[in-house]
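Remarks on the overall topology
The primary structure of each chain is shown beneath.
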Amino acid sequence: QVQLVESGGGLVQPGGSLRLSCAASGSIIDINAMGWYRQAPGKQRELVAIIISGGSINYADSVKGRFTISRDGAKNTLYLQMNSLKPEDTAVYYCNANLRQYGSSWYRDYWGQGTQVTVSS
């Protein structure tokens, strides 16, 4: 069974920084992509940043220049460094992985439980 466990959320003042982590565990044979999504109250879940196998990285326009996504392949761990945080960054942040398990022929998406990020003075 695959698990994605996020950590690092919390309350921070505008202009501050936070670092989110997501550890993937289980019988994983290959990870095609890992990314961060967020969902604010009353809004749809949206992509924040994603790393695709081969190293391609994409960011939402709203976080470009402020957030940095990275991945430790050896540990199957994903990070999101968030700087210059704004109140509009307040949301539940979810980790996503598109991966293949041992014994499976296809890739599927897995989600973490989410971690709350609140930016407020």
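Everything below is about the structure printed above this text.
Residues numbered from 1 in each chain as written. Predicted model: local features only at pLDDT ≥ 70, side-chain atom pairs only at ≥ 80, totals over all residues. Heavy atoms only, no water.

Side note on the state of the cysteines
- This model, assessed by the stated rule, comprises one disulfide.
- Each disulfide pairs two cysteine sulfurs, and for Cys22 the partner residue is Cys95, the sulfurs being separated by 2.1 Å. Disulfide Cys22-Cys95: torsion about the S-S bond near -75 degrees, hence left-handed. Residue Cys22 is found in strand β3 (residues 18–25), and its partner Cys95 is found in strand β9 (residues 91–101); the two are separated by 73 residues along the sequence. (Disulfide = S-S within 2.5 Å. Helix = DSSP H or I, 4+ residues; strand = E, 2+ residues; numbered from the N terminus.)

Re the pattern of salt bridges
- Inspection of the entire model under this criterion finds four salt bridges.
- Between Asp89 and Arg66 there is a salt bridge, with its nearest N and O atoms 2.8 Å apart. You can see Asp89 sitting in the loop between β8 (77–82) and β9 and its partner Arg66 sitting in the loop between β6 (56–59) and β7 (67–72), a full 23 residues away along the chain.
- What emerges from the salt-bridge pattern is a single network uniting Arg38, Glu46, Arg66 and Asp89. (Salt bridge = Lys/Arg side-chain N within 4 Å of Asp/Glu carboxyl O.)

Overview of the pairing of strand β11 (residues 115–119)
- Burial along β11 is one-sided: the residues Thr115, Val117 and Val119 are buried and none of Gln116 and Thr118 is.
- Here three bridges tie strand β2 (residues 10–12) to β11, and the two strands are oriented parallel to one another. Pairing of Gly10 across the sheet is with Val117, part of β11.
- In this sheet, β11 lies alongside β9 in antiparallel orientation, the contact comprising three bridges. The residue of β11 that forms the bridge with Val92 is Gln116. (Buried < 20%, exposed > 50% of the residue type's maximum accessible area, 1.4 Å probe, protein only. Pairing = 2+ DSSP bridges.)

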